[in-house]
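Here's the letter readout for the chains.
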Amino acid sequence: MIPPAESLSKPAPGTDPNRTGMSLKKIRTALISVFYKDNLEPIIRLLAEHGVAIYSTGGTQRFIEDLGVSVTAVEDLTSYPSIFGGRVKTLHPKVFGGILYRRELEDDEDQAAEFEIPSIDLVIVDLYPFEETVASGASEEDIIEKIDIGGISLIRAAAKNYRDVLIVSSRDQYEQVGSILSEKGCATELSDRRLFAARAFDISSNYDSAIFNYFNEDAQVESFKQSLRRKKTLRYGENPHQQGAFYGDLESVLEQLNGKEMSYNNLVDIDAAVSLMEEFEETAFAILKHTNACGVATASTVKEAYQKAFAADTVSAFGGVLITNAKVDKEAAEEMHSLFFEILIAPEFDSEALEVLGQKKNRILLRQKQPLNTKKQFKSLLNGVIEQDRDLKTDELTDLKTVTKREPGEEDRAALLFASKVCKHTKSNTIVLARDGQLLASGVGQTSRVDALKQAILKAKEFGFSLEGAVMASDAFFPFPDCVEIASKEGIKAVIQPGGSIKDQDSIDFCDKHDMAMVFTGVRHFKH
């Protein structure tokens, strides 16, 4: 039934029959139309207890009727059926008028009475799951049908008129709304309505951004839009005097099994570690400090891979971020337990490994639930934002072009590709030295490529590695032959680099004279 005519009559000038006090506004009518009905029942029953007239549509109407609660179909209010396969249900002046008319304006009140438009004080509406449908790989037809029109219009209308209307735009808000209405006798304060209006515009802007990015996948429209709704306040930013926060759904990628709350720097290192580990299909282990790998290795077991990675730099590993792409068993856990480290990331831990590693309560243990699915990177810069594609190119055997007389053998090619993977994820300028699935040393973030090589050689020797027969990777081309000259003196026999210098031939000629192999990939991997 539509509310009786007296509920549509004009109040005395300057009064509002919905107000129960100076700050509270009573809810008398509600419009409810939702996709997700989880935990909706308590609110429905609370509204019924307070005699609130409810309008609804389709499946939500049937849900309310099944609860034994009186409900009026929106079609009975508008005298229009749901048409075009449900595409048009609530887009009608009697619905939007009831939400948008201003109760404090006499002219609005007169028009509402004239056209028999009931006031709608509460709108509970959510949106079709557009992002989830895109993520599921659904067809374009299904995706387009999940672009909500009526729902988002109702949300924006109710949020705009927050002085008179409470908008509930997500199932995540049901519990809080229920508490507010229970505590305040099915009434709300202006501060409540303004807060929920802000949340509604947050949801609507996020929804529109997702739709825009879907249609603008090929970036034909020159506009940058990103919307990340979930916020996790961090202990601080990069330094204690800086505030920090993470926006996004961290829990969809990582499950924390042990340890203290993660910090800003932890998350930066975790991102670097996860990105590096995605390069490897065989069992691998890496140790990182300040986003750079100080140890990386592959082996048949996690324990052995850890031992090889740790051997590359037993000093920097202290307080590091550890990651593997295989299940951590008790044997591996016992091997690394004596090391003080901040974080260990793995796809799985057996129960005995967790028992061992969890003995240190602050040690962060993370289960990686899925690979990273982001294809873009962006950050604030100057007075704007820069964006780029993620570097998803991994050098493969088919990319290697031998430019020297000497061809690298099978073992050398494997070592070169291993070194290239590590090099790609190390700060430029960088040189990586490796052999047989093991990082021997790297020169990191140097202003000179020669300095990077000298740093790597010094570090390798410091930890007892001979470079005889090792391979070298560079993230960018050699402008001069100085790096291959230095490498040759240390016994390095094969080099991988992108090539592209106008003086490439100088480095090639030197390698030919000293029986070194060199391959070009044609792809630079700068990282800043």
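In what follows, the structure referred to is the one given above.
Given the structure is predicted, the values throughout are model-derived calculations rather than measurements.

Definitions and cut-offs
- Residues numbered from 1 in each chain as written.
- Predicted model: local features only at pLDDT ≥ 70, side-chain atom pairs only at ≥ 80, totals over all residues.
- Heavy atoms only, no water.
- Buried < 20%, exposed > 50% of the residue type's maximum accessible area, 1.4 Å probe, protein only.
- Helix = DSSP H or I, 4+ residues; strand = E, 2+ residues; numbered from the N terminus.
- Pairing = 2+ DSSP bridges.
- 1 Å grid on protein atoms, 1.4 Å probe; cavity = no way out; pocket = protein on both sides within 12 Å on 5 of 7 lines; lining within 4 Å.
- Points joined across faces, edges and corners; volume = space filled by probe spheres on them.
- Nonpolar A, V, L, I, M, F, W, Y, C, P; charged D, E, K, R; others polar.
- Polar contact = N/O pair within 3.5 Å; in protein donor to acceptor, adjacent residues only side chain to side chain.
- Contact = heavy atoms within 4.5 Å.
- Axes fitted to C-alpha atoms, helices over the stretch in contact; angles between N-to-C directions.
- Patch = residues over 30% accessible without salt bridge, like charges linked within 9 Å, V, L, I, M, F, W, Y side chains within 5 Å.
- Areas by Shrake-Rupley, 256 points an atom, 1.4 Å probe, with all protein chains shown as cover.
- Salt bridge = Lys/Arg side-chain N within 4 Å of Asp/Glu carboxyl O.
- Parallel < 35°, antiparallel > 145°, perpendicular 65-115°, else oblique.
- Core = buried A, V, L, I, M, F, W, Y, C linked by side-chain atoms within 4.5 Å.

Considering the pairing of strand β13 (residues 320-324)
Burial analysis of β13 places 5 of its 5 residues in the buried class, which makes it a mostly covered element. With 4 bridges joining them, strand β11 (residues 284-289) and β13 adopt antiparallel strand pairing. By the bridge assignment for β13, alanine 286 is matched with isoleucine 323. Pairing between β13 and strand β14 (residues 341-346): 4 bridges, direction parallel. Across the sheet, residue isoleucine 323 finds its bridge partner in β14, namely isoleucine 345.

Side note on empty space enclosed by the protein
Applying the stated criterion to the full structure yields 1 cavity of 30 Å³ or more. In terms of lining, the largest cavity is formed by 13 residues, of which the most central are Asp395, Ser420, Ser474, Asp475 and His525. Those elements that provide at least two residues to the lining of the largest cavity are α15 (410-424), β21 (471-474) and β22 (494-497). By residue number, the principal contributor to the lining of the largest cavity is α15, which donates 3 residues. Split by residue class, the lining of the largest cavity holds 5 nonpolar, 5 polar and 3 charged.

Concerning the side chain of threonine 426
By the secondary structure assignment, threonine 426 is in the loop between α15 and β19 (431-434). Within the structure, threonine 426 has its side chain in polar contact with the backbone oxygen of valine 422 (distance 2.7 Å). If we ignore the near neighbours within four places in the chain, the residues touching threonine 426 are Asn292, Val432, Val444 and Lys527.

Some details on the sheet that holds strand β3 (residues 53-56)
One open sheet accounts for 5 strands, arranged β4-β3-β2-β5-β6; its pairing is parallel. The open sheet is flanked by β4 (72-73) and β6 (166-168), the only strands paired with a single partner. Alignment of strand β5 (residues 122-125) against β6, held across 3 bridges, turns out to be parallel. The partner of leucine 122 across the bridge, within β6, is leucine 166. In the packing of helix α1 (residues 41-49) onto the sheet, the strands contacted are β2 (29-33), β3 and β5, and the crossing angle to β2 comes to about 160°.

Some remarks on the sheet that holds strand β15 (residues 364-368)
The strand order across the open sheet formed by 6 strands is β10-β15-β14-β13-β11-β12, and the pairing between neighbours is mixed. Edge strands, defined here as strands with exactly one partner in the open sheet, are β10 (254-258) and β12 (292-298). Strand after strand, the sheet turns through a mean of 20° between neighbouring axes, direction not considered.

Some points on the environment of isoleucine 457
For isoleucine 457, the position within the fold is in helix α16 (residues 449-462). Of the residues examined, isoleucine 457 reaches a relative accessible area of 7% and is grouped as buried. Expressed as a C-alpha distance, the spacing of isoleucine 457 and valine 432, which sit 25 residues apart in the sequence, is 9.5 Å. In this structure isoleucine 457 touches Leu433, Leu467, Ile486 and Glu490, once residues within four positions along its chain are discounted.

Concerning a nonpolar patch on the surface
A cluster of nonpolar side chains, Phe224, Leu228, Tyr247, Phe378 and Val385, forms an exposed patch at the surface whose accessible area comes to about 450 Å². Looking at where phenylalanine 378 falls in the secondary structure, it is placed in strand β16 (residues 376-381). What makes phenylalanine 378 partly exposed here is its relative accessible area of 38%.

Observations regarding the packing of helix α4 (residues 93-100) against helix α8 (residues 150-160)
Two numbers describe how α4 lies on α8: the axes approach to 8 Å, and their chain directions differ by 25°. Comparing the axis directions of α4 and α8 gives the class roughly parallel. Facing Val95, Phe96, Ile99 and Leu100 of α4, the residues of α8 in contact are Gly150, Ser153, Leu154, Ala157, Ala158 and Lys160. Along the lines of polarity and charge, the residues of the contact of α4 with α8 split into 7 nonpolar, 2 polar and 1 charged.

Things to note about the pairing of β16
Sheet analysis places β16 next to strand β17 (residues 384-389), joined by 6 bridges and oriented antiparallel. Bridging from a neighbouring strand, phenylalanine 378 pairs with glutamate 387 of β17. The loop that links β16 with its antiparallel partner β17 comprises 2 residues; one of these, leucine 382, has a positive phi angle of about 50°.

Observations concerning the environment of histidine 525
Mapped onto the fold, histidine 525 is located in the segment after β23 (517-520). Exposure remark for histidine 525: the relative accessible area of 4% places this residue in the buried category. For the pair histidine 525 and serine 428, spaced 97 residues apart in sequence, the C-alpha separation works out to 8.5 Å. Aside from chain neighbours lying at most four places away, what touches histidine 525 is Asp391, Lys393, Asp395, Lys424, Ser428 and Asp475. In this structure the side chain of histidine 525 is engaged in a polar contact, spanning 3.4 Å, whose partner is the side chain of aspartate 395.

Observations concerning the nonpolar core
Ranked by size, the top nonpolar core spans 41 residues in total, and within it Ile270, Leu288, Val296, Ile323, Ile345 and Leu366 carry the most contacts. Apart from the residues within four sequence positions on either side, isoleucine 345 is in contact with Leu254, Ile270, Ala273, Val274, Val321, Leu322, Ile323, Thr324, Leu366 and Gln368. Listed in part, the 30 residues of the second largest apolar core include Phe130, Leu154, Val165 and Ile167.

Quick look at unusual backbone geometry
The amide bond that connects serine 428 to the next residue, asparagine 429, takes the cis arrangement and shows omega of -10°. Mapped onto the fold, asparagine 429 is located in the loop between α15 and β19.

Some thoughts on the pattern of salt bridges
Close approach of charged atoms allows side chains with opposite charge to pair. Considering all chains together, one arrives at 23 salt bridges under this definition. Residue lysine 327 pairs with glutamate 348 through a salt bridge whose shortest N-O separation is 3.9 Å. A residue pair is termed long-range when its members are at least 10 positions apart, and lysine 327 in the loop between β13 and α13 (330-337) and glutamate 348 in the loop between β14 and α14 (351-357) qualify at 21 residues. For lysine 327, a relative accessible area of 43% translates into the label partly exposed. According to the relative accessible area criterion, glutamate 348 is partly exposed, its value standing at 41%. In this structure, aspartate 412 and arginine 406 form a salt bridge, with 3.9 Å as the shortest nitrogen-oxygen distance. Its relative accessible area of 26% is what places arginine 406 among the partly exposed residues. When salt bridges with common partners are traced through the structure, they connect Arg406, Asp412, Lys493 and Asp515 into a single cluster.

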